[in-house]
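# Fold and contact review
As a plain string of letters, each chain reads:
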Amino acid sequence: MRFSPYPWSEKDMIGGNAALDFVNTAADWASGDPEDRLGGPEGFGKWAEMAGLLYADDMKRLREEIAADPKAGEDAFETAIRLRAALWRIFNAVITDAEVDEDDLAFLDACKVRAANHCRLARDGDGFRRRCAEEAPALERALRLIVEAAEDFLLNGRLDRLHACGGDACEWLFVDTSKNGKRRWCDMATCGNDAKVKKFRKRNKKAA
Ligand SMILES: [Zn+2]
């Protein structure tokens, strides 16, 4: 897997779901050798903070956790990368109306079990809820939220509104929540604007 650094910011979270945004942290999927834009456990943590899955003060803890147990950090990152590829194949199958690989669904299930191991039942006001244990490592908490977002989207989301951006070499995934369901671009300011400029140039060329 090739690594290419990327300056993640909140405005890159265009998927409408954390699992879709997570798939968008790799590019060039169709080549079979996607380009990774996270680079390692810390890069994954930084992205998770931008995606709102971790708090800013989690980053200090994450660095301490990686320093104390680098292997655990690498393991969480490798699982995340495997999950990302499985999710891309599942979402791509939804978009192209193809068969979903059972192994990918089984891996998503396995990640759910892994996440559950870090969770505890806790009193919450008048009721109860399941939440990540205080001692759960930061990357495991981020992974859990991605797994839950993926499952929530597959079970309850608008699968018919799942699209890949039509921009040149973009392919970022998003759920189209627009009223008319005609959103074609990940972001009007980037891919949408490129397309507008190209259309304008083409028209002017014809007129010239
Ligand atoms: Zn795009």
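Worth saying up front: this structure is predicted, and the values here are computed from it rather than measured.

## Quick look at the overall build of the chain
For the chain, the count of helices and strands is seven helices and seven strands. Helices (α) and strands (β) of the chain occur, in sequence order from the N terminus, as β-α-β-β-α-α-α-α-β-β-α-β-β-α. Structurally, the chain occupies a C-alpha span of about 70 × 35 × 35 Å along its principal axes.

## So, the sheet that holds strand β3 (residues 35–36)
Picture the strands of a sheet paired through backbone hydrogen bonds; they go either parallel or antiparallel. Spatial strand order, β1-β3-β2: three strands in an open sheet with mixed pairing. Whereas interior strands pair on both sides, the edge strands pair on one side only; in this sheet they are β1 (2–3) and β2 (26–27). Inspection of the sheet shows β1 paired to β3 by two bridges, in the parallel sense. Considered in β3, the bridge of Arg2 is made with Glu35.

## What about the environment of Cys191?
Mapped onto the secondary structure, Cys191 falls in helix α7 (residues 188–207). Expressed as a C-alpha distance, the spacing of Cys191 and Gly167, which sit 24 residues apart in the sequence, is 5.0 Å. If we ignore the near neighbours within four places in the chain, the residues touching Cys191 are Cys165, Gly167, Cys170, Trp185 and Cys186.

## Section: helix α6 (residues 138–156)
Look at α6: 27 Å from first C-alpha to last across 19 residues, which is about the 27 Å you get at 1.5 Å a residue. Of the positions making up α6, those classed as buried are Ala138, Leu139, Glu140, Arg141, Ala142, Leu143, Arg144, Ile146, Val147, Ala149, Ala150 and Phe153. Contact partners of the buried residues in α6: α1 (18–23), α2 (41–50), α3 (58–68), α4 (70–96), α5 (102–116) and β5 (127–132).

## Notes on the pairing of strand β4 (residues 119–124)
For β4, a buried count of zero out of six residues is recorded, marking the element as mostly open to its surroundings. Pairing between β4 and β5: six bridges, direction antiparallel. Residue pairing across strands places Ala122 opposite Arg129, the latter belonging to β5. Where β4 folds back onto β5 in an antiparallel hairpin, the turn is made up of two residues, including Gly125, whose phi is positive at roughly 60°.

## Things to note about unusual backbone geometry
If you check the backbone angles, Asp97 has positive phi at about 60° while not being a glycine. Note that Asp97 resides in the loop between α4 and α5. Judged by local crowding, Asp97 falls into the exposed class, with 6 C-beta atoms found within 10 Å.

## Section: the environment of Leu105
Tracing the sequence through the fold places Leu105 in helix α5. What makes Leu105 partly exposed here is the crowd of 14 C-beta atoms within 10 Å. Here the alpha-carbon distance between Leu105 and Glu151, two residues 46 residues apart in the chain, equals 9.9 Å.

## Considerations on the confidence of the model for the chain
Averaged over the chain, the pLDDT score is 93; the fraction of residues at 70 or greater is 99%. Per-element mean pLDDT across the chain ranges from 76 in α7 up to 98 in α1.

## Things to note about α3
Among the residues of α3, those classed as buried are Leu62, Glu65 and Ile66. Looking straight down α3, one finds its buried side chains confined to an arc of 95°; they lie on one side. Residues of α3 that are exposed and point more than 90 degrees away from the buried face comprise Lys60, Glu64, Ala67 and Ala68. Buried-residue contacts for α3 involve α2, α4 and α6.

## Remarks on the nonpolar core
One finds Ala19, Val23, Leu87, Leu139, Ala142, Leu143 and Ile146 to be the most contacted residues of the largest nonpolar core, which totals 41 residues. Counting residues per element, the ones that place at least two in this core are α1, α2, α3, α4, α6 and β7 (173–175). Setting aside its immediate chain neighbours within four residues, Leu139 contacts Pro41, Phe44, Gly45, Leu62, Gly73, Ala76 and Phe77.

About the criteria used
- Residues numbered from 1 in each chain as written.
- Predicted model: local features only at pLDDT ≥ 70, side-chain atom pairs only at ≥ 80, totals over all residues.
- Helix = DSSP H or I, 4+ residues; strand = E, 2+ residues; numbered from the N terminus.
- Pairing = 2+ DSSP bridges.
- Contact = placed C-beta atoms within 7 Å.
- Expected span 1.5 Å × (residues − 1).
- Buried ≥ 20, exposed ≤ 12 C-beta atoms within 10 Å, placed from the backbone.
- pLDDT = per-residue confidence, 0-100.
- Arc of directions from axis to C-beta.
- Core = buried A, V, L, I, M, F, W, Y, C linked by C-beta atoms within 7 Å.

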